[in-house]
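Summary of the model geometry
The primary structure of each chain is shown beneath.
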Amino acid sequence: MMVPRYDWTVDEVLAVIERPFHDLLADAHTCHIERFSAHSVEAAKLLSIKTGGCPEDCAYCPQSAHNSTGLTAEPLMDTKSIVAAATEAKAEGATRFCMGAAWRSPSDSQVQKVAESIEAVAELGLETCVTLGMLTASQATTLSHAGLDFYNHNLDTSADFYGTIITTRTYEDRLTTLANCRDAGIRLCTGGIVGMGETRRQRAGLLTQLATLNPHPESVPINLLIQVPGTPLHGLPEFAPLELVRTIAATRLVMPGSVVRLSAGRASMSEELHALCFHAGANSIFLGERLLTADNNGDDEDRRILDQLDTTLKV
Ligand code: SAM
Ligand code: DTB
Ligand code: SF4
């Protein structure tokens, strides 16, 4: 069995990404089935609990106030409406409910309100995840005490490309929030986005950052950039699909025990690309027709794809 390593270098991870395609895929699949079933994927459901008007200038994001995407901003949802959405998600087959807020960093009273919703969602028997921006150590502790299972906070890309994509915070800020969550006993969900114009080496840089966290993040979302009109990244060349497969395979190999989520961008992916990504080690998806604000595959399409791959949702 592949033993997890925490001392990866960028050169080593780049060499993994650049392995001959079939060897890379075969090894990633072997690594995958050492710890996971190839016939089961985890299902998470997202809900945007506070939408738009975000002060951060993330170049990919439809929710940034710096980007004119025509999105209507909405205030923080109340716990009752959040629980209603979580109940529906559970009925759809989700085992994890992820609540996302377009904040740079929440206030203590906002964290308190979200903590109430976490407790209520956990009572439904769902795993809970929230993504609220930067957190202080004491805010992470508040969420942990509410029973939060996972905090999502993506590194998104490599440290040397970060400043091209976001100028209103630093990579170090991201790492600090991850450390605050880990120290509070919360499991980490952190990954990134491909297709933002980064080089292969920069993709290797992102994976190296993630794979040198000890312990590894329990969940690693790999998002394919959704190019939203009105964001600075709209109009970039389409990302080569097999490069996504290489990225997923390398993620599986460098973090063998982590759940790898094929995240944003699935609505534009063919069933063949889905198949290759699952073969390469992806074993989690977001269910439903909506991510936070953007389109997702929808349950009928996902059932059609998973059926053909003899794969079911993890219960
Ligand atoms: N505001 C919080 C933050 O940035 O950490 C939480 C919400 S933010 C929308 C969560 C993640 O969504 C980002 O880190 C990014 O990885 C992903 N994301 C946002 N817009 C995207 C897009 N257009 N395509 C792919 N992923 C995107
Ligand atoms: C993650 O890695 N991807 C999700 C979740 N974590 C929060 C968000 C994807 C957002 C896609 C754009 C949108 O829906 O607004
Ligand atoms: Fe705000 Fe998060 Fe979007 Fe950045 S990714 S603009 S922090 S909601």
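All of these numbers come straight from a predicted model, not from anything done at the bench.

With omega at 0 degrees, the peptide bond leading from Asn214 into Pro215 counts as cis. Turning to its location among the elements, Pro215 is positioned in the loop between helix H8 (200–211) and strand E7 (219–224). The phi dihedral of Asp156 is positive, around 70 degrees, even though this residue is not glycine. In this fold, Asp156 is placed in the loop between strand E4 (150–152) and helix H6 (159–165). Residue Asp310 is not a glycine yet carries a positive backbone phi of 55 degrees. Structurally, Asp310 can be placed in the loop between helix H11 (299–308) and strand E10 (312–313). On the accessibility criterion, Asp310 (60% relative accessible area) is exposed.

The subject of this paragraph is the site of ligand 2. Neighbouring ligand 2 are Leu46, Pro62, Thr131, Asn152, Asn154, Pro221, Asn223, Phe286, Leu291, Leu292, Thr293 and Ala294. With respect to ligand 2, the side chain of Asn154 contributes an N or O atom lying 2.9 Å from an oxygen atom. For the shell around ligand 2, the class distribution of residues is seven nonpolar, five polar and no charged.

As a further point, take the pairing of strand E8 (residues 259–262). With burial as the criterion, each face of E8 is covered, one bearing Val259 and Arg261 and the other bearing Val260 and Leu262. As paired elements, E7 and E8 share four bridges and run parallel to each other. The residue bridging Ile222 from the neighbouring strand is Leu262, located in E8. In this view, the connection linking E7 to its parallel neighbour E8 by way of helix H9 (residues 241–254) has right-handed handedness.

Tracing the chain through its elements places Leu71 in the loop between strand E1 (40–50) and helix H3 (79–92). Sequence-wise, Leu71 and Thr51 are 20 residues apart; in three dimensions their C-alpha atoms are separated by 8.5 Å. With near-sequence residues (within four places) excluded, Leu71 lies in contact with Thr51, Gly52, Pro62, Gln63 and Thr293.

This part covers the nonpolar core. Counting residues in each nonpolar core, the largest one holds 85 residues, and the members touching the most others are Tyr60, Leu143 and Leu244. If you tally residues by element for this core, the top one is H9, at seven residues. Once residues within four sequence positions are removed from consideration, Leu244 is found in contact with Val194, Ile222, Phe239, Leu262, Met269, Leu273 and Cys277. Counting nine residues, the second-largest nonpolar core is a separate cluster that includes Ala44, Phe150, Ala264 and Ala294.

The environment of ligand 3 is made up of Cys54, Glu56, Cys58, Tyr60, Cys61, Ser64, Ala102 and Arg169. Across the shell around ligand 3, the residue classes tally to five nonpolar, one polar and two charged.

Okay, the pattern of salt bridges next. According to the stated counting rule, one finds 21 salt bridges in the structure shown. With a shortest N-O distance of 3.4 Å, Asp300 and Arg303 are connected by a salt bridge. Taken as a pair, Asp300 and Arg303 lie in helix H11 at a separation of three residues, close to a single helical turn. Residue classification places Asp300 among the exposed residues on the basis of a relative accessible area of 60%. Among the salt bridges present, the one from Glu301 reaches Arg304, with a minimum N-O distance of 3.1 Å.

About the thresholds
Residues numbered from 1 in each chain as written. Chains lettered and ligands numbered in written order. Predicted model: local features only at pLDDT ≥ 70, side-chain atom pairs only at ≥ 80, totals over all residues. Heavy atoms only, no water. Helix = DSSP H or I, 4+ residues; strand = E, 2+ residues; numbered from the N terminus. Buried < 20%, exposed > 50% of the residue type's maximum accessible area, 1.4 Å probe, protein only. Near = heavy atom within 4 Å. Polar contact = N/O pair within 3.5 Å; in protein donor to acceptor, adjacent residues only side chain to side chain. Nonpolar A, V, L, I, M, F, W, Y, C, P; charged D, E, K, R; others polar. Pairing = 2+ DSSP bridges. Right-handed = clockwise from strand over helix to strand, strands pointing away. Contact = heavy atoms within 4.5 Å. Core = buried A, V, L, I, M, F, W, Y, C linked by side-chain atoms within 4.5 Å. Salt bridge = Lys/Arg side-chain N within 4 Å of Asp/Glu carboxyl O.

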